[in-house]
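Overview (structure and organization)
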Amino acid sequence: MIDPVRDLASVRDATDRLLSAAAALDDAAVAAPSRLPGWSRGHVLAHVARNADALVNVLEGRPMYESAEAREADIERDARRPLAEHLADVRESADRFQSRGAAVSDWARAVELRNGVTDTAARLPFRRLIEVELHHVDLGFGYELEDLPGDFTSREIEFLTQRFSGLAAVPPVLVSSADGGQWRTGGTEGAEIKVSGAAPALLGWLAGRRDGADLHTSGGPLPTLPPL
């Protein structure tokens with residue numbers, strides 16, 4: 001069950017973990033490549049900050065971003081700042097999101113995100129949690145998928161399998177984690193492929209962070225998933 005108040009608290013905790021870890025870097029480390037192709041760690045931190053402000057826009061009924069081009073330009077503009085400026089921006093934008101979230105009185109209302117995607121306001125704190133947790137991993141300085149809270153990992157696997165459900169480009173897939181979780185995703189045509197493994201490894205494959213080499217498949221090769 002979605003609990004936006006609980007998720008807001010989880011976002012605060014995850015942001016504190018990210019900021020504490022990033023504070024141990026220096027300007028040279030921030031300028032170094034992240035795990036995301038073409039992005040430095042500064043790009044990742046800039047995106048985390050701008051995403052918080054974008055979700056404030058959504059909560060206040062404005063477009064998430066002015067345009068796709070403006071979104072990219074803002075990240076490029078902010079990516080090359082020194083560490084201290086990044087830390088302040090991530091902290092202050094996170095505070096703005098928390099403050100706006102605390103003022104929400106109608107979590108059930110529909111909201112619009114990027115590219116025409118709609119959701120309920122209640123899911124926005126979890127969407128923010130995804131951004132903070134996965135991009136912490138993307139920074140590549142000691143926080144791995146295996147370090148993510150187990151509850152978050154299970155919920156994100158469910159979120160991603162729902163996202164790929166019904167897509168004709170993905171064959172029917174039964175996803176099974178070593179701790180007993182099961183999810184179905186993909187289209188309806190063809191034989192079902194079974195994919196199993198440790199929950200962090202499954203998340204890595206579903207989220208495009210790992211190639212799935214450490215997963216077990218039967219009934220066909222590991223499916224190639226569309227980019228997120």
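The structure this text deals with has already been given above.
Here's a quick rundown of the structure. No experiment lies behind these values; they were computed from the predicted model shown.

Glancing now at the pairing of strand β4 (residues 182-185). Burial along β4 is one-sided: the face carrying Trp183 and Thr185 is buried and the face carrying Gln182 and Arg184 is not. As judged from the four bridges shared by strand β3 (residues 173-177) and β4, these two strands associate in the antiparallel manner. Counted as the bridge partner of Leu174 is Arg184 from β4. Once β3 ends, the chain turns through four residues before running back antiparallel as β4, passing Gly180 with a positive phi of about 105 degrees.

The next thing to look at is unusual backbone geometry. In the Ramachandran plot, Asn115 falls in the positive-phi region, its phi being about 55 degrees despite a non-glycine side chain. The topology assignment puts Asn115 in the loop between β1 (110-112) and β2 (118-120). The exposed category is assigned to Asn115, whose relative accessible area is 73%.

Here helix α5 (residues 83-102) spans 29 Å end to end across 20 residues, near enough to the 28 Å set by a 1.5 Å rise per residue. Those residues of α5 that fall on the buried side of the exposure criterion are Leu83, His86, Leu87, Asp89, Val90, Ser93, Ala94, Phe97, Gln98 and Gly101. Seen from one end, α5 has its buried residues packed into an arc of 165 degrees, which puts them on one side. Away from its buried face, by an angle of more than 90 degrees, α5 presents the exposed residues Ala84, Ser99 and Ala102. At its buried positions, α5 is contacted by α1 (4-22), α2 (27-31), α3 (41-59), α4 (68-79) and α6 (124-139).

Cut-offs used in this document
Residues numbered from 1 in each chain as written. Predicted model: local features only at pLDDT ≥ 70, side-chain atom pairs only at ≥ 80, totals over all residues. Heavy atoms only, no water. Buried < 20%, exposed > 50% of the residue type's maximum accessible area, 1.4 Å probe, protein only. Helix = DSSP H or I, 4+ residues; strand = E, 2+ residues; numbered from the N terminus. Pairing = 2+ DSSP bridges. Expected span 1.5 Å × (residues − 1). Arc of directions from axis to C-beta. Contact = heavy atoms within 4.5 Å.

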